[in-house]
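Listed here are the chains, written in short residue letters.
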Amino acid sequence: MNAAGHLAGPGGPRLPNKAGRCAFGIESVTIGPRTIPVVEHELLVLDFAVLTEFVRTGARHRVLVVAPLAGAYPVILRDLVVGLLRHANVAITDWRDPCCVPAASGDFGLAENIAYVLAMMREMGPDTHVVGVCQGTIPALAATALLATMDVAAGPHSLTLMAGPVDPLVNPTRVVRAARGHSPEWFERRAMRTVPDGFAGKGRRIYPASAQLTTLTHYLARHWLFGEVFLKLWYDDGEDPVRFPFATLVTRLMNLPAELVLDMMRQVFVERALCTGRLAALGRPVLPGDITRTGLMTIEGENDDIAAPGQTYAAHGICTGIPDNLRRHLSVANTGHFSLFHGSRWRSTVLPALVQFFCDTEAARRTRPSAAKKARLAGEPPLAAT
């Protein structure tokens, strides 16, 4: 392997369009007999990501999807975005391949990942529903907690965490055992590479796509005989299997910032920093217990062998300030990791429950008395603005 993994092979370097991003190709959405045009625009442009929003007329809700930085490009969540577009305008954290980001832009570890999501949540505003998927659940939960600490009125209507390692030791999988099997320093020496000349990100340390492909190949092999991925490869039940086949979505891998991968290994899989109160970002501790106004929904697949049942549900145990009427949990029977956000099971089971949760949390906020009204009812003077 050369210094940058897959970057310099026969035929030269190959990167996706849009300076390290993959196009979603969503021009319209079908709702019943109607085909409604969809407009894509960039809400916020940052070094390592673009906040990309898809907008249509008549949408009832507004959603921010926090995509994982775990291998596949954010376009792997295309089915999820299209499904949500039938009910909402949808923005997504469109992460860029770090090979396209100059080294002068600095490192991008877990703290920066959280800061980016927080900036995007502020850009979207409080009338937003946040959906974090897979490893995107960590920055989504952390950013929501920071907002609750710093500016409670800016928090989103709801936070949905889908198939993510909030507490990986609740039900460890092969992924968890692999991350805990060696020290981050071992992974740094063995797996990380440096971006060579010829790329905007030259000199940057990355976890190359070629190394990830080896791991993915072993994972696919375990599913080869009648596993979830095998069935999806055999019968693609996605929204657009011709232009965006599942086989391409799951195997088109991006390089990852080395510091983010190492932080995830150390802080999420080994130290469980989010669960033990040791996670920090923007110079502040991340305190999930501070979340009080934002609804929390967790979604897990019964057969998920990446983020097994219990790992995501653990969020309810650390988000102690959320009232019971703003909590939901959905366990989807006979379902693996990818079917939670891609294909017929996503559309028939997960999406309706998610949209109902949006409606419920919006209704709860409309009927919730303000702090000033609570003070008047209690016969106390209203709190002064700070």
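A quick note: this is a predicted structure, and the numbers were derived from the prediction, not measured.

Trainee: Report on the layout of surface pockets, specifying residues and quantitative values.
Mentor: Rolling a probe over the atoms, with the probe sized like a water molecule, indicates the empty space that remains. Volume-wise, the largest pocket comes out at about 1300 Å³. Residue lining of the largest pocket: 44 residues in total, with Ala-70, Gln-135, Val-175, Tyr-207 and Thr-215 positioned closest to the centre. Secondary-structure elements contributing two or more residues to the lining of the largest pocket are α5 (174-181), α6 (184-191), α7 (209-222) and α10 (258-270). Here the lining of the largest pocket gets 8 residues from one element, more than from any other, and that element is α7. Of the residues in the lining of the largest pocket, the class split is 33 nonpolar, 8 polar and 3 charged.

Trainee: An account of the packing of helix α2 (residues 78-85) against helix α13 (residues 344-367) is needed here, citing residue identities and associated values.
Mentor: Packing of α2 against α13 brings their axes to within 11 Å, and their N-to-C directions diverge by 55°. Accordingly, the angle class assigned to the pair α2 and α13 is oblique. The chirality of how α2 crosses α13 is right-handed. Contact residues: Asp-79, Leu-80, Gly-83 and Leu-84 in α2; Trp-346, Arg-347, Leu-351, Leu-354 and Phe-358 in α13. Its residues placed into classes, the contact of α2 with α13 shows 6 nonpolar, 1 polar and 2 charged.

Cut-offs and rules
- Residues numbered from 1 in each chain as written.
- Predicted model: local features only at pLDDT ≥ 70, side-chain atom pairs only at ≥ 80, totals over all residues.
- Heavy atoms only, no water.
- 1 Å grid on protein atoms, 1.4 Å probe; cavity = no way out; pocket = protein on both sides within 12 Å on 5 of 7 lines; lining within 4 Å.
- Points joined across faces, edges and corners; volume = space filled by probe spheres on them.
- Helix = DSSP H or I, 4+ residues; strand = E, 2+ residues; numbered from the N terminus.
- Nonpolar A, V, L, I, M, F, W, Y, C, P; charged D, E, K, R; others polar.
- Axes fitted to C-alpha atoms, helices over the stretch in contact; angles between N-to-C directions.
- Parallel < 35°, antiparallel > 145°, perpendicular 65-115°, else oblique.
- Left-handed = near helix turned anticlockwise from the far one by under 90°.
- Contact = heavy atoms within 4.5 Å.

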